[in-house]
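Here are the chains, one letter per residue:
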Amino acid sequence: MLGGIFSFHSSWDNRKDTYTHKPLPLHCISLNFRGFQYTQAMLFAIEEINNSTDLLPGISLGYKIYDTCDSIARSVRVSMTLANGVKVVSAISEASCARPAQVQAIVGETSSSPWMAIATVIGPFNIPLISHFATCACLSDKTKYPSFLRTIPSDYYQSRALAQLVKHFGWTWVGAIRTNDDYGNNGMAIFTEVAEQLGICLEYSVPFFRTDPPEKIQKIIDIIKASSSKVIVAFLNHMDMEVLIHELSRHNLTGFQWVGSESWISDSHIAAMDKHHILDGAIGLAIPKAHVSGLREFMLDVKPLNTSSNELFTEFWETLFSCKFKHSKSSAGNQRECTGHEDITGVQNSFTDMSLMPIIYNVYKGVYAVAHGLHSVLSCNKTCNKKMQLDPFTILQHTKKAHFQTKEGDEVYFNENGDPAAKYEIINWQPTENGIVDFVTVGFHDASLPADKQLILQNISLIWAQNSEQVPLSVCSEECSPGTRKVLQKGKPVCCYDCLRCAEGEISNITDSITCVRCHPEFWSNERRDSCVQKEAEFLSYEEIMGALLTAASLFGTCITAVVAFIFFRYRKTPIVRANNSELSFLLLFSLTLCFLCSLTFIGRPSEWSCMLRHTAFGITFVLCISCVLGKTIVVLMAFRATLPGSNVMKWFGPTQQKFSVLGFTLIQVIICILWLTISPPFPYKNFKDFKDKIILECALGSAVGFWAVLGYIGLLAMLCFILAFLARKLPDNFNEAKFITFSMLIFCAVWLTFIPAYVSSPGKFSVAVEIFAILASSFGLLICIFIPKCYIILLKPEKNTKKNIMGKGGPK
């Protein structure tokens with residue numbers, strides 16, 4: 001004996017109990033033709049098995065079927081009745097099957113919440129419970145529901161598949177409506193969890209139940225109207241969807257893209273109710289299409305019964321054909337009389353509609369699973385062991401292990417959780433010209449495949465909301481293009497963000513980047529901030545204007561020095577050249593030439609050798625130059641000191657001593673430079689700090705002490721020279737060279753004192769230009785102040801180029 005529990009009604013009359021007398025039985029209303037379809041499928045399977053010689057030979061299956069009225073309380077009551085054999089009203093079994101009997105299994109019930117209650121109550125009896133449409137993942141928990149099995153996949157897989165489907169179309173900002181029961185709440189909980197992992201955000205998630213009061217339904221409508229998301233995931237029971245579609249139509253809520261669960265997405269009855277095309281273009285998951293030969297014909301071959309013996313069938317027949325039997329208790333008026341010979345093939349309603357054949361097929365498979373379990377328990381071969389005492393626990397274990405193929409070739413088995421293999425079709429609602437919705441299969445989802453291959457969409461054009469052929473856009477924020485990064489909006493989900501441009505020196509080269517990556521120090525971000533480009537290397541080169549001008553000035557100074565040297569050599573025997581040691585003058589001119597030329601080492605790309613050469617050459621040549629000037633200054637002082645009676649100082653500072661003094665002063669600088677180059681020499685350095693978008697190629701000092709020691713020594717000699725020249729400036733002589741040396745040293749010191757702050761504050765190549773300018777300015781200062789006056793006399797005033805005039809003893813003024 002098999003038990004069947006189905007919802008032949010979808011609702012009941014609300015009543016207010018006074019608690020003064022026993023409550024009246026539940027009065028069921030709203031006939032549900034789907035329940036009759038499922039019942040017919042069960043009867044068809046039982047009839048096939050009873051007529052089979054291979055399955056349960058010699059054993060006949062009977063049935064007891066009850067109406068649950070879609071009430072959890074009534075579902076528990078009738079299941080208890082089936083378990084213990086106590087008879088209740090509303091059974092539709094025939095007289096021969098009406099005797100009290102305990103059933104070997106219970107099949108039916110479409111919703112998850114009733115099954116949770118039934119499995120909790122009936123579970124301790126180990127009676128197999130098999131559902132064709134209860135999908136809640138919670139029912140896979142075998143510690144709570146050890147005797148529950150099903151022929152429809154768990155929502156554990158469906159919820160994940162829906163999340164993958166939403167992600168596939170780029171919808172990251174969606175709304176959600178769920179049935180306020182275990183089916184909807186658990187299914188939506190799994191969907192929400194997986195959606196968050198995939199980067200999908202829910203703008204709202206509202207519960208709905210068909211018996212909700214109007215004000216609660218209105219609140220849901222208001223939430224949908226106020227939302228910015230254009231996609232709604234509806235994890236709804238088909239009966240709740242029927243009520244909701246009516247409310248949506250009343251408010252004309254069109255333009256939303258609906259994503260549906262398997263409970264309603266392939267239900268043609270709901271599609272027929274959608275007169276305002278609210279759900280056009282809907283997409284969702286459905287149980288794969290099925291065909292069972294002979295089942296449709298059996299379902300439509302309904303035989304009229306003795307109407308007075310079965311009120312439920314009477315109500316079914318009267319509702320199906322809109323008629324009334326003569327002895328019916330129905331209150332409906334103005335209806336024609338039923339004859340019992342009406343032709344059911346001419347009726348079009350949810351009973352004759354076979355769009356839910358995959359679900360109906362699940363009832364068929366469930367009955368066969370029990371039959372195969374019994375076949376195994378009874379050790380059937382050609383005959384069965386009819387004397388064996390049937391134990392519910394044994395039947396349950398054998399049913400769990402059932403693994404067979406239907407006559408259509410479909411494989412049926414249960415996993416360790418009592419669930420079948422999870423396979424779905426992806427259905428798209430495509431309206432036709434005559435207004436009927438065509439359920440087009442546009443893809444598949446197979447949970448047994450690797451994660452990246454589970455979702456398969458065929459190359460079929462889809463229809464979206466409002467008959468659009470473009471995939472709707474439903475995002476909280478537009479995607480961030482490369483060159484920007486996402487910044488979350490305060491107090492909103494992670495899908496709501498602003499796109500901020502990457503900072504200078506940072507890039508993002510992918511869409512929707514959450515961070516910007518800093519470029520390597522030798523690279524810089526381009527204008528679009530989506531790639532790093534090589535920084536421009538900057539140094540003082542000969543090709544640029546500033547480098548060319550400094551080079552020209554250096555060469556010009558060298559040429560002028562060479563001309564002066566030529567003039568001095570040409571007139572080397574004249575008094576003005578011979579005065580004050582002409583050898584020092586030529587050595588000074590030579591050192592000035594080196595000073596002008598050493599500035600060229602500062603121009604061009606820095607290298608290891610050029611960095612060491614530029615500072616040491618500058619330091620040594622300038623000390624050589626200042627040493628010569630200092631020697632000439634001392635000679636002036638000594639010369640006038642030697643004119644005093646009894647003075648013999650010139651023998652202590654003759655030409656030889658002058659040469660050695662120059663050599664000695666220069667040697668000290670050479671030693672300083674050698675120590676600098678040995679301990680920590682200058683080296684080429686890439687400066688990334690001064691400019692963000694440029695690399696400054698410069699020479700690092702290596703040892704700052706060495707650099708400032710070189711400069712300090714030059715400054716010390718220059719100050720000493722300046723002081724001595726200043727003391728000798730008023731000595732009697734028509735051509736006292738100390739005056740010019742004083743002025744030249746004043747220029748030299750002013751240039752180098754100004755150089756220090758200018759050098760420190762100048763960025764990049766400009767610091768090099770400042771140093772070159774200081775070298776050239778001080779070199780020109782020495783050249784002009786010391787030698788140009790003499791050249792003026794030699795070339796333009798030759799009459800003054802006499803010994804008497806120079807000594808101040810006469811001659812033209």
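Note that the coordinates shown come from a computational prediction; the quantities given were computed from them, not determined experimentally.

(A) Structural context of the packing of aromatic side chains. Under the criterion given, the structure shown has 28 aromatic pairs. Members of the aromatic cluster, connected to one another through ring pairs, are Phe6, Phe8, Phe33, Phe36, Tyr38, Phe313, Phe316, Trp317, Phe321 and Phe351. Sitting above the plane of the Tyr156 ring, Arg160 keeps its charged end 3.9 Å from the centroid. The ring of Tyr361 has Lys365 lying over it, and the distance from NZ or CZ to the ring centre is 4.9 Å.

(B) Summary view of the side chain of Glu109. Turning to its location among the elements, Glu109 is positioned in the loop between strand S5 (105-108) and helix H3 (112-122). Although Glu109 is buried, it forms no salt bridge, and the closest oppositely charged side chain is Arg210 at an N-O distance of 7.9 Å. Within the structure, the side chain of Glu109 is placed 3.2 Å from the side chain of Ser75, a separation counted as a polar contact. Discounting residues that sit within four places of it in the chain, Glu109 has contacts with Ile5, Phe6, Ser7, Thr68, Asp70, Ser75, Pro114, Trp115, Ser131, His132 and Phe133.

(C) Region of interest: the environment of Gln534. With respect to the helices and strands, Gln534 occurs in strand S25 (residues 532-534). Sequence-wise, Gln534 and Ala105 are 429 residues apart; in three dimensions their C-alpha atoms are separated by 76 Å. Non-local contacts of Gln534, meaning those with residues more than four positions away in its chain, are made with Glu522 and Phe523.

(D) View of helix H18 (residues 704-727). The end-to-end C-alpha distance of H18, which contains 24 residues, comes to 34 Å, matching closely the 34 Å that a straight helix rising 1.5 Å per residue would cover. Restricting attention to buried positions, one finds in H18 the residues Gly706, Phe707, Val710, Leu711, Tyr713, Ile714, Leu717, Ala718, Cys721, Leu724 and Ala725.

(E) Highlighting the sheet that holds S5. The strand order across the open sheet built from five strands is S4-S1-S5-S6-S7, with neighbouring strands paired in parallel fashion. Each edge of the sheet is formed by a strand with only one pairing partner; in this case those strands are strand S4 (63-67) and strand S7 (148-150). Within this sheet the neighbouring strands show an average axis-to-axis angle of 20°, counted without direction. Relative to S5, strand S1 (residues 2-6) is paired through four bridges, and the arrangement is parallel. Its bridge partner being in S5, Leu2 is matched across the sheet by Ala105.

Criteria and cut-off values
- Residues numbered from 1 in each chain as written.
- Predicted model: local features only at pLDDT ≥ 70, side-chain atom pairs only at ≥ 80, totals over all residues.
- Heavy atoms only, no water.
- Phe/Tyr/Trp six-rings, centres within 6.5 Å; stacked < 30°, edge-to-face > 60°.
- Lys NZ or Arg CZ within 6 Å of the ring centre and 35° of its normal.
- Helix = DSSP H or I, 4+ residues; strand = E, 2+ residues; numbered from the N terminus.
- Buried < 20%, exposed > 50% of the residue type's maximum accessible area, 1.4 Å probe, protein only.
- Lys, Arg positive; Asp, Glu negative; His and termini not counted.
- Salt bridge = Lys/Arg side-chain N within 4 Å of Asp/Glu carboxyl O.
- Polar contact = N/O pair within 3.5 Å; in protein donor to acceptor, adjacent residues only side chain to side chain.
- Contact = heavy atoms within 4.5 Å.
- Expected span 1.5 Å × (residues − 1).
- Pairing = 2+ DSSP bridges.
- Axes fitted to C-alpha atoms, helices over the stretch in contact; angles between N-to-C directions.

No statement about biological role is implied by the geometric values presented.
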